[in-house]
Amino acid sequence: MQTKNILGIDVGATGIKGAIVDIEKGELIGDRIKLATPKPATPDAVAAVIAELLMQSGYDGAFVGCGFPAIVSHGVAQSAANIDKSWIGTNVEELLAKTTGLDVIAMNDADAAGLAEMRYGKGRGLKGTVLLITIGSGLGSALFTDGHLVRNTELGHLYLHGWVAEHYVSNTAKKKYEMSWVGFGKRFDEYLHHIDRLFSPDLVILGGGISNDFEQFAPYIDVKTKVTTAEMFNHAGIIGAALYAYEAKFGELEQNR
Ligand code: BGC
């Protein structure tokens, strides 16, 4: 029987994280490894760090899942907002398979995090339109309709007041423009109103670093959509990447059918 313990990797703008995941439980087995994202984060440099992470993990499976901070279509990176531009057009799966010797299934990082949150976290069992937004260096999105993922939605790149949304409100924008929580909260609320007008979600789940500080900016959020924070926060990207890889190979886990 195919093992349900899969290595999940989450490539971020500052760190590359990974752990072996028990995908039946949606939990990490053993330690979460975090290595610095190389600068510049070129394909070869990132691949070398992933090979190092694989070695440190002691993983002996045949394939891994890898969440990547860009549009990933049929294994190929199609954008590079928060990673080196030389990734555009790179086949992430082929490159990483060559460096690691394993089969690699790549997907957008927010899609991976959203999948984990829908299966094991706050979105569990929810029908309707659910949107996960990750707030980090960029703004990531994962859109679900009746539990099904609509991939690569990139809602952090919607335009808001003539700005790319993630340049207007994200962790990076907060630092760059020295925003207080009031300022950040108000901007994020504008973003949520825009999202609400377009998608009328039943629930918005916030993930990524800043979601940990939700209580600091929650008082300034008055959009009518229900907004909550992710349950798995730090691990969602890793867990979702592992689950996604498994299901890409073998179909949906039985317990979720
Ligand atoms: C990228 C998305 C990614 C998000 C979070 C954005 O800049 O365009 O693909 O999901 O950052 O990493």
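Structure first, text after, so check above.
Here the structure is a predicted model, which is why all the values come from computation and not from measurement. (Residues numbered from 1 in each chain as written. Predicted model: local features only at pLDDT ≥ 70, side-chain atom pairs only at ≥ 80, totals over all residues. Heavy atoms only, no water.)

1. Quick look at the nonpolar core
We count it as follows: Side-chain atoms within 4.5 Å are what join buried Ala, Val, Leu, Ile, Met, Phe, Trp, Tyr and Cys residues into a set we call a nonpolar core. Residue burial is assigned from relative accessible area. The probe radius is 1.4 Å, only protein chains are included, and a residue is buried under 20% of its type maximum, exposed over 50%, and partly exposed in between. Helix and strand assignments follow DSSP, with helices taken as H or I runs no shorter than four residues and strands as E runs no shorter than two, numbered in order from the N terminus. Just so you know, the domain bounds were taken from an automatic or database domain assignment.
Ranked by size, the top nonpolar core spans 61 residues in total, and within it Ile9, Val11, Ile23 and Phe68 carry the most contacts. Considering each element in turn, this core owes the most residues, nine residues, to helix 8 (residues 236-250). No fewer than three residues from each of domain 1 (5-108 + 241-256) and domain 2 (122-230) sit in this core. In this structure, Leu143, Met179, Leu206 and Phe214 belong to the second largest nonpolar core, which totals 26 residues.

2. Description of the packing of helix 3 (residues 109-120) against helix 8
What describes two packed helices is the angle between their axes and the distance between those same axes. Going by this rule: Every axis in this analysis is a line fitted to C-alpha atoms, fitted for helices over the stretch in contact. Angles between the N-to-C directions lie between 0 and 180 degrees. Roughly parallel covers angles under 35 degrees, roughly antiparallel covers those over 145, roughly perpendicular covers 65 to 115, and oblique covers all other angles. Only heavy atoms matter for contacts: two residues are in contact if any of them lie within 4.5 Å across the pair. Gly falls in the polar group here, along with every residue not listed as nonpolar (Ala, Val, Leu, Ile, Met, Phe, Trp, Tyr, Cys, Pro) or charged (Asp, Glu, Lys, Arg).
Taken N-terminus to C-terminus, the directions of helix 3 and helix 8 make an angle of 85°; their axes are 7 Å apart at the nearest point. Judged by the angle between their axes, helix 3 and helix 8 are roughly perpendicular. Residue-level inspection shows Ala112, Ala113, Leu115, Ala116, Arg119 and Tyr120 of helix 3 in contact with helix 8, the latter providing Ala236, Gly237, Ile239, Gly240, Ala241, Leu243, Tyr244 and Glu247. Counted by class, the contact of helix 3 with helix 8 contains 10 nonpolar, two polar and two charged residues.

3. Comments concerning the sheet that holds strand 4 (residues 63-68)
Selection rule: One bridge is not enough; two strands pair if DSSP finds at least two bridges between them.
Here we have five strands laid out as an open sheet, ordered 3-2-1-4-7, and mixed in their pairing. Every interior strand has two partners, whereas the edge strands, strand 3 (27-36) and strand 7 (103-108), have only one. Direction aside, the axes of adjacent strands within the sheet are offset by 20° on average. In the sheet, strand 1 (residues 5-11) pairs with strand 2 (residues 15-22) via seven bridges, with the strands oriented antiparallel. Paired with Leu7 across the two strands is Ile20, which belongs to strand 2. In the packing of helix 1 (residues 43-57) onto the sheet, contacts are made with strand 1, strand 2, strand 3 and strand 4, and the angle to strand 3 comes to roughly 140°. Against the sheet, helix 2 (residues 92-100) touches strand 4 and strand 7, its axis set at about 145° to strand 7.

4. Details of the environment of Leu126
Considering the arrangement of structural elements, one finds Leu126 in the loop between helix 3 and strand 8 (129-135). Here Leu126 falls in the partly exposed class, since its relative accessible area comes to 31%. Residues Leu126 and Asp202 lie 76 residues apart in sequence; the distance between their C-alpha atoms is 9.3 Å. Ignoring any residue separated from it by four or fewer positions in sequence, one finds Leu126 in contact with Met118, Asp146, Gly147 and Leu203.

5. Digging into the pattern of salt bridges
Inclusion rule: We define a salt bridge as a side-chain nitrogen of Lys or Arg found within 4 Å of a carboxyl oxygen belonging to Asp or Glu.
Applying the stated criterion across every chain, the model contains seven salt bridges. Its salt-bridge partner being Asp10, residue Lys17 comes within 3.9 Å of it at the nearest N-O pair. In terms of burial, Lys17 and Asp10 fall into one category: buried. Between Asp22 and Lys25 there is a salt bridge, and its shortest N-O distance comes to 3.8 Å. For Asp22, a relative accessible area of 15% translates into the label buried. You can call Lys25 exposed: its relative accessible area is 55%. One network of salt bridges, with partners in common, ties together Arg119, Glu247 and Glu252.

6. Description of the site of the ligand
So the rule is basically this: By convention in these notes, a residue is near a molecule or strand provided one of its non-hydrogen atoms lies within 4 Å of it. Any pair of nitrogen or oxygen atoms within 3.5 Å is treated as a polar contact; in protein, a donor-acceptor pairing is required on top of that, and neighbouring residues in sequence qualify only through side-chain atoms on both sides. For the area figures, the Shrake-Rupley method with a 1.4 Å probe applies, and any residue is considered shielded solely by the protein chains shown.
Neighbouring the ligand are 14 residues, the closest being Asn82, Asp109, Glu154, His157 and Glu166. The side chain of Asn108 places a nitrogen or oxygen atom 2.9 Å from an oxygen atom of the ligand. Here an oxygen atom of the ligand sits 2.5 Å away from a polar atom, N or O, in the side chain of Asp109. Within the complex, 94% of the 310 Å² of free accessible area of the ligand lies under protein. Elements supplying a minimum of two residues to the shell around the ligand: helix 3 and strand 9 (139-145). Here the shell around the ligand gathers at least three residues from each of two domains, domain 1 (5-108 + 241-256) and domain 2 (122-230).

7. Here we look at unusual backbone geometry
At the junction of Lys39 and Pro40, the peptide bond is cis and its omega measures out at -5° in the coordinates. Along the chain, the position of Pro40 falls in the loop between strand 3 and helix 1. If you check the backbone angles, His74 has positive phi at about 50° while not being a glycine. Examined against the element boundaries, His74 turns out to sit in the loop between strand 5 (72-73) and strand 6 (76-77). For Ser200, which is not a glycine, the phi torsion comes out positive at approximately 45°. Considering the arrangement of structural elements, one finds Ser200 in the loop between helix 6 (181-199) and strand 13 (203-207). Given a relative accessible area of 49%, Ser200 falls into the partly exposed group.

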